[in-house]
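Here are the chains, one letter per residue:
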2 protein chains.
Amino acid sequence: MPPTFQPPKGTRDFYPEDLLRRRWLEHAWRSVSLAHGFEEIDGPAFETIDLYTAKSGEGIVSEIFGVYSGKDEAELARIREGNPAPFALRPEFTPTLARMYAAKAGALPRPCKWFWQQNCFRAERPQRGRLREFSQWNVDFIGGDNPLEADVEVIQTCVGLLRRVGLTPKDCKVRLNDRRLVVDVLKDIGLSEEQMAAGMTLLDKRGKLDERELIAEAERLGLGKHFVVRFTEVAESLLSLDYRRGTITDMLTRYNALRGLIKLFETLVDRGLGDWCEFDFTIVRGLAYYTGTVFEVIADGERAIAGGGRYDGLIETFGGPATPVVGFGMGDVVLSLVLSDKGLMPAAEPMLDQLSQGPRYRPDVYVLPGGKDGADPATIDGSVRRMVAELRARGLHARQTYKSTRNLGKLLKDASDARARFALIVEGEAALTLKDLKTGEQRPISPEEAKNLS
Amino acid sequence: MPPTFQPPKGTRDFYPEDLLRRRWLEHAWRSVSLAHGFEEIDGPAFETIDLYTAKSGEGIVSEIFGVYSGKDEAELARIREGNPAPFALRPEFTPTLARMYAAKAGALPRPCKWFWQQNCFRAERPQRGRLREFSQWNVDFIGGDNPLEADVEVIQTCVGLLRRVGLTPKDCKVRLNDRRLVVDVLKDIGLSEEQMAAGMTLLDKRGKLDERELIAEAERLGLGKHFVVRFTEVAESLLSLDYRRGTITDMLTRYNALRGLIKLFETLVDRGLGDWCEFDFTIVRGLAYYTGTVFEVIADGERAIAGGGRYDGLIETFGGPATPVVGFGMGDVVLSLVLSDKGLMPAAEPMLDQLSQGPRYRPDVYVLPGGKDGADPATIDGSVRRMVAELRARGLHARQTYKSTRNLGKLLKDASDARARFALIVEGEAALTLKDLKTGEQRPISPEEAKNLS
């Protein structure tokens, strides 16, 4: 009898109908990324193990798959002496992104908007929703001088995907918080700088432990037995805040980081994302590197579809210049389960039709600020950003400029260089000019007509 | 100073402009595969190491990257005792394909036409044209009852890619041979069954060694010192054969396997592939599992772009039913070098345009044999196959049936089920009917018009 072979536990075989679903999801990821002006990159499937221990410490070695060349006797000898393997299968892409950005920082555009879509590997015990190999989508906004708008653009991209696959704010929410607010609160209830990391780790585990376990864990971590009770009190008062009713005033005095969060929510509402987003003070994210905004997309109150936030120290850790970054990751496993359970996974026929379309690699439209005398630049910028958000929500590949110049000639050249089809020049919320970048023709256009470009 | 990190030797970072070229190539692979009626599959990036040693022996362990979970102490202990790692990064996809086919053979279509496109890993010393991680395209025709036509269809798909990326028969050739002919010749010059594998291994190394080295290697392998001289004599007389001039008659008597090769060439000429293909008795392919037709695509007389052949014993080796298979693989590294050197790598703009199109997932046209009384089925089949070849060469997604039934109603239903746009019914080389499968309308159509469907 010849042997029969099984795939390794926690990995998947994709027969044609299985792969069609994965390709459809990847196509949605790619299409949404491109529509929001991100460019795709990729790196090696395995990296030197130092790349992962540098950021996450030696502890991560037990979470990853070690890789070594069967040809290299010296490597083998070192492993047999008890050392870790020289390489590791990537458990996540962020360290590779940081390494790649650091290596060429001076030559890259500012901001640098990158997405990535490939497989990751985790040496975990497989269970529902967690596999040892899975597909992952990362979106990162690197650099730029407007962190608030970068946060909003990244969240907009994430919501863009949710919309595209048919999810609604009834199905899932982007739950937002700010690490700086958590740090303020932890200080306030008596944690020292040294205890901060332990406090974050504990908070990230909150949903998985009951109160008794939580208190025991807090004691084990040296956070004191009253930590959990005090934290819960503050969390509850924060979660009941309503800035429209004025209950926030006292808290604002106490926790300065709340101001940034309020501004973030106001901007999200302005871009039509208000229904999707909610404040959740219990979101802290497990990884140590987050420094500001953090968020998770939670379906039906419990299943995490995506997670991300701001990690401004990351590029420096990998030898690059100090550079702000905000990004998120989304895996295929939980998302596919959610879509299947909700009956949102399309049949083969509409999938084939979507795949036959191809993503919109060329920008459909570049939205530019018009420079009429007397117009308030901030007002125009707001109109530009609202228009871009609207066009992207309708599936178009829409871009805006990140330059401070208002020289329309230069901006039109950028739009042309990016191979956009149209430039949409905004001189006011309702004063729009559409320019066909191929023929050079231009004409006034109403906001309604602009939003229905195709 | 924070550390700086490098990608592992022999792997690549893909910045946006680099990844665009890779995506463009993958898009060409996918488009050509679909146009030729293959469906995409995928499997794990790492497999249990037994999957590779089963087919290729223990020797392969030194050619691959070992993988183990950092979490599993028992695994680690076994490695430290000197055992190989439990998993390996895939050095090639064929064992996974065989495992997947064997696992579900009964439930799969016959024939089963699969393609695959992902990364592979080799623990080799990196050099020009050889990396430790690279992209690979595999095309496999599994099962079916017409091995000759399966060989032709696979070669047609390979040439389809060469055409699509702008290569011509002046740039590269498909060099064909048959393992059975090589076995006949090796027997004829005195090799025993036991020496056969050593003989093949030596022949595959021929291009890399000079004559002195080759003779030494033959002696080392126990093939005798006259082996190389005798083989060269036969090879030269075989290579000078010209069946149109009758010099082949004597050889045909001696080597029966030549008959199959001649039939293969005649069929390739019939499908418009004659200019692309040539006989090369020195092509044997390194891997032990080939059993019949073998071929390599060689650019400029030396650079191997692709290689493949028939391996009828493979599925059985992996626990499945006896099933004929023919397939080939093509990597991105050599092909990209060849395209760049020849100025055939497109600029960004045409790449973006092609990527925005999306591959033709739905069949454009299903070509079906018409059943007029008195028509010779073999003649009709020839016309069908020539038409399919022609349509595919023009970039259309064209399919044919592999069933023996000539019941047009059933065949039209298959075409509909495959979501084809048109059925083209062939009742003779110039007697064609086009049926729109959406509207049901049908009308006579000339061969010229049929070939220009779009």
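Everything that follows concerns the structure shown earlier in this document.
Rules used in this analysis
Residues numbered from 1 in each chain as written. Chains lettered and ligands numbered in written order. Predicted model: local features only at pLDDT ≥ 70, side-chain atom pairs only at ≥ 80, totals over all residues. Heavy atoms only, no water. Contact = heavy atoms within 4.5 Å. Buried area = accessible area lost by both parts, 1.4 Å probe. Salt bridge = Lys/Arg side-chain N within 4 Å of Asp/Glu carboxyl O. Polar contact = N/O pair within 3.5 Å; in protein donor to acceptor, adjacent residues only side chain to side chain. Helix = DSSP H or I, 4+ residues; strand = E, 2+ residues; numbered from the N terminus. Nonpolar A, V, L, I, M, F, W, Y, C, P; charged D, E, K, R; others polar. Buried < 20%, exposed > 50% of the residue type's maximum accessible area, 1.4 Å probe, protein only. Least-squares fit on C-alpha atoms with pLDDT ≥ 70 in both. Disulfide = S-S within 2.5 Å. Pairing = 2+ DSSP bridges.

*Asks:* I'd love a proper account of the interface of chain A and chain B, names of residues and values included.
*Replies:* Between chain A and chain B, the residue contacts involve 80 residues of the former and 80 residues of the latter. Both faces considered, chain A and chain B share a buried interface measuring about 6,600 Å² in area, 57% of it formed by carbon and sulfur atoms. Among the residues chain A hides against chain B, the three largest losses belong to Phe5, Tyr15 and Tyr361 of chain A. Together they make up 11% of the total. Connecting chain A to chain B are 14 salt bridges. The partner of Asp42 of chain B in a salt bridge is Arg22 of chain A, and the shortest N-O contact between them spans 2.9 Å. Run the count over chain A and chain B and you get 30 residue pairs in polar contact (both at pLDDT 80 or more). Ranked by residue count, the leading element in the side of chain A that touches chain B is helix H14 (residues 348–357) of chain A, at seven residues. For the side of chain A that touches chain B, the class distribution of residues is 38 nonpolar, 19 polar and 23 charged.

*Asks:* Any details on unusual backbone geometry? Residues and values, ideally.
*Replies:* Residues and elements named next belong to chain A. Cis geometry marks the peptide bond from Arg110 to Pro111, where omega comes out at -5 degrees. By the secondary structure assignment, Pro111 is in the loop between helix H4 (94–104) and strand S5 (112–121). With a phi angle near 50 degrees, Asp300 is a residue other than glycine that sits in the positive phi range. Relative to the assigned elements, Asp300 resides in the loop between strand S9 (293–299) and strand S10 (303–310). Judged by its relative accessible area of 40%, Asp300 falls in the partly exposed class.

*Asks:* Go over the relation of the copies chain A and chain B with me, naming the residues and quoting the values.
*Replies:* Superposing chain A onto chain B takes a rotation of 180 degrees combined with a translation of 0.0 Å along the rotation axis, leaving an RMSD of 0.0 Å. What the superposition gives is, in effect, a two-fold axis relating one chain to the other. Taken together, the interface assignments show that 100% of the residues at the interface of chain A recur at the interface of chain B, consistent with an identical surface on both copies.

*Asks:* Outline the state of the cysteines, supporting the account with residue identities and numerical values.
*Replies:* Residue and element names in this part refer to chain B. If you walk through the whole model with that rule in mind, you get zero disulfides over all chains. With no disulfide partner, Cys112 has as its closest neighbouring cysteine sulfur the one in Cys120, 19 Å distant. Exposure remark for Cys112: the relative accessible area of 1% places this residue in the buried category. Left unpaired, Cys120 is separated from the closest cysteine sulfur, that of Cys158, by 16 Å.

*Asks:* A description of the pairing of strand S3 (residues 65–69) of chain B should follow, citing residues and the corresponding values.
*Replies:* The element S3 of chain B is largely enclosed, with a buried count of five among its five residues. Neither face of S3 of chain B is open: one carries Phe65, Val67 and Ser69 of chain B, the other Gly66 and Tyr68 of chain B, and all of them are buried. As judged from the five bridges shared by strand S3 (residues 65–69) of chain A and S3 of chain B, these two strands associate in the antiparallel manner. In the strand pairing of S3 of chain B, Phe65 of chain A is matched with Ser69 of chain B. Across two bridges, S3 of chain B lies against strand S4 (residues 87–89) of chain B in antiparallel orientation. Among the inter-strand pairings, Val67 of chain B is bridged to a residue of S4 of chain B, identified as Phe87 of chain B.

Note that every value here comes from positions in space, so none of it alone points to a role or purpose.
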